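# Architecture and fold: a report
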Amino acid sequence: MKKNTYLLFPVALSFLLACSADVGYAPDKDYSGTSPSYNADELGDLPDCDSKHEGMVVHVDNYRGKDYACSEGYWVALGESSTDKKLPDVHETSDDAVALHEKFKNVESVQILDTRDNKVYKAIVLGDLVWMAENLDYETRYSRTNPQCDDLGIKCGRYYMWDDAAYGNDDYSSVCLPGMRLPTEEDVEKLVQFIGGVSNGYVLKSKSYWEESDDAPLGTDELGFNAYPAGYKSSSRNYFEYFGTETVFWTDISNGYRSSLTLSLYSHNSILGTNWGPNWDNYMNVRCVGDL
């Protein structure tokens, strides 16, 4: 694989101060037909009303639910808002956020071959790591498939118990493709850093099949990671749970007490979660990772 150099940097969505707001007079321009494009919690969360933001209308939640327009250098109150639409955060317009999303556009997509069964997978290059952009579909004795995925034509791959995922290969190594591994703690930290923080998990979600939620934006799949809400199967139940609302991937991190750390995404929030406690004999998906 051709070696590429990608710049990794931590990005915090900055909280910018407003120069002025609610100055007490109507704007010269008519914004009556303009719906707010962004949401802010407080007036102090608004960015400077400069030429870049001229004409922007923002809904401010915690100040009587008003909309504000950036008009000629001032944020001006427009009155009560009538929108009930879920709006992205105003800080998506900050310079750091714009740079972050531009970086996502340059993520390289590659293909990798599993020489064990000749299956070809999509993968993406994130910094110095290659992440599978599809769920592993290598059959082992104890792996399972989800009929719900088959019915919808979704490539959910196979589901594995942790022991199977970690040691299910013929040589008792992880079930991952040769040269790849289950994500380590360092791999997970690098992924979180690359997407700009745990709250940006929505950029990893597929654009389809996730249940809509008033508390979180839909998936944008900006990196091509394409995480479907494939759910998981509890060892104590004969069906798959949380299909449409959750996806869970095994890591190689365990605490020695029949539980392991998982990498999780949910429909009700934007968090890329790392959670202790799932039973090792639950069936979950696998995304392998390798060094570039």
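Residues numbered from 1 in each chain as written. Predicted model: local features only at pLDDT ≥ 70, side-chain atom pairs only at ≥ 80, totals over all residues. Heavy atoms only, no water.

Let us look at the side chain of threonine 262. Turning to its location among the elements, threonine 262 is positioned in strand β11 (residues 260-266). Taking relative accessible area as the criterion, threonine 262 reaches 1% and is therefore assigned buried. A distance of 3.4 Å separates the side chain of threonine 262 from the side chain of serine 264, its partner in a polar contact. (Helix = DSSP H or I, 4+ residues; strand = E, 2+ residues; numbered from the N terminus. Buried < 20%, exposed > 50% of the residue type's maximum accessible area, 1.4 Å probe, protein only. Polar contact = N/O pair within 3.5 Å; in protein donor to acceptor, adjacent residues only side chain to side chain.)

Here we come to the sheet that holds strand β13 (residues 289-291). As summarised here, the arrangement of the four strands in space is β5-β6-β7-β13, forming an open sheet in which the pairing is antiparallel. Strands at the two margins of the open sheet, each flanked by one partner only, are β5 (108-114) and β13. Between one strand axis and the next, the sheet turns through 35° on average, direction left out of account. Each of β6 (119-126), β7 (129-132) and β13 is contacted by helix α4 (residues 185-195), which is oriented at about 90° to β7, the strand it contacts most. (Pairing = 2+ DSSP bridges. Axes fitted to C-alpha atoms, helices over the stretch in contact; angles between N-to-C directions. Contact = heavy atoms within 4.5 Å.)

Turning our attention to α4. Along α4, the positions that sit buried rather than exposed are Asp187, Val188, Leu191, Val192, Phe194 and Ile195. What you see down the axis of α4 is that its buried residues fit within an arc of 160°, all on one side. Within two residues after α4, glycine 196 carries a phi angle of roughly 90°, on the positive side. (Arc of directions from axis to C-beta.)

What follows covers empty space enclosed by the protein. Scanning all chains against the criterion turns up one cavity of 30 Å³ or more. Taken as a whole, the largest cavity encloses approximately 40 Å³ of empty space. Considering the residues around the largest cavity, the lining is formed by Lys205, Trp210, Glu211, Ser213, Ala216, Pro217, Leu218, Gly219 and Ser267. Across the lining of the largest cavity, the residue classes break down as four nonpolar, three polar and two charged. (1 Å grid on protein atoms, 1.4 Å probe; cavity = no way out; pocket = protein on both sides within 12 Å on 5 of 7 lines; lining within 4 Å. Points joined across faces, edges and corners; volume = space filled by probe spheres on them. Nonpolar A, V, L, I, M, F, W, Y, C, P; charged D, E, K, R; others polar.)

What follows concerns the layout of surface pockets. Using a probe with the size of a water molecule, rolled over the atoms, empty space left in the structure can be pinpointed. If you add up the space inside the second largest pocket, you get close to 200 Å³. Considering the residues around the second largest pocket, the lining is formed by 14 residues, among which Asn135, Asp137, Lys155, Cys156 and Gly157 are closest to the centre. Those elements giving two or more residues to the lining of the second largest pocket turn out to be β6 and α2 (147-152). Broken down by element, the lining of the second largest pocket gets its largest block of residues, three residues, from β6. When the residues that make up the lining of the second largest pocket are grouped by side-chain class, the tally is five nonpolar, four polar and five charged.

Our next topic: the pattern of salt bridges. Going through the model one piece at a time under the given rule, you end up with nine salt bridges. In this structure, the salt-bridge partner of aspartate 187 is arginine 181, at a minimum N-O distance of 2.9 Å. Here aspartate 187 falls in the buried class, since its relative accessible area comes to 3%. Between arginine 237 and glutamate 241 there is a salt bridge whose closest N-O contact spans 3.6 Å. (Salt bridge = Lys/Arg side-chain N within 4 Å of Asp/Glu carboxyl O.)

The next point concerns helix α1 (residues 95-105). Turn by turn, an α-helix covers 3.6 residues, leaving residues three or four places apart pointing in a common direction. All of the buried residues along α1 are Ala97, Leu100, His101, Lys103 and Phe104. For α1, the buried positions fall inside an angular range of 150° around the axis, keeping them on one side. Residues of α1 that are exposed and angled more than 90 degrees away from the buried face: Asp95 and Lys105. On the buried face of α1, the contacting elements are α4.

Summarising the element assignment, glutamate 241 is placed in strand β9 (residues 240-241). Note on glutamate 241: relative accessible area 12%, which makes it buried. Leave out the neighbours within four places in its chain, and glutamate 241 touches Gly231, Tyr232 and Ser234.

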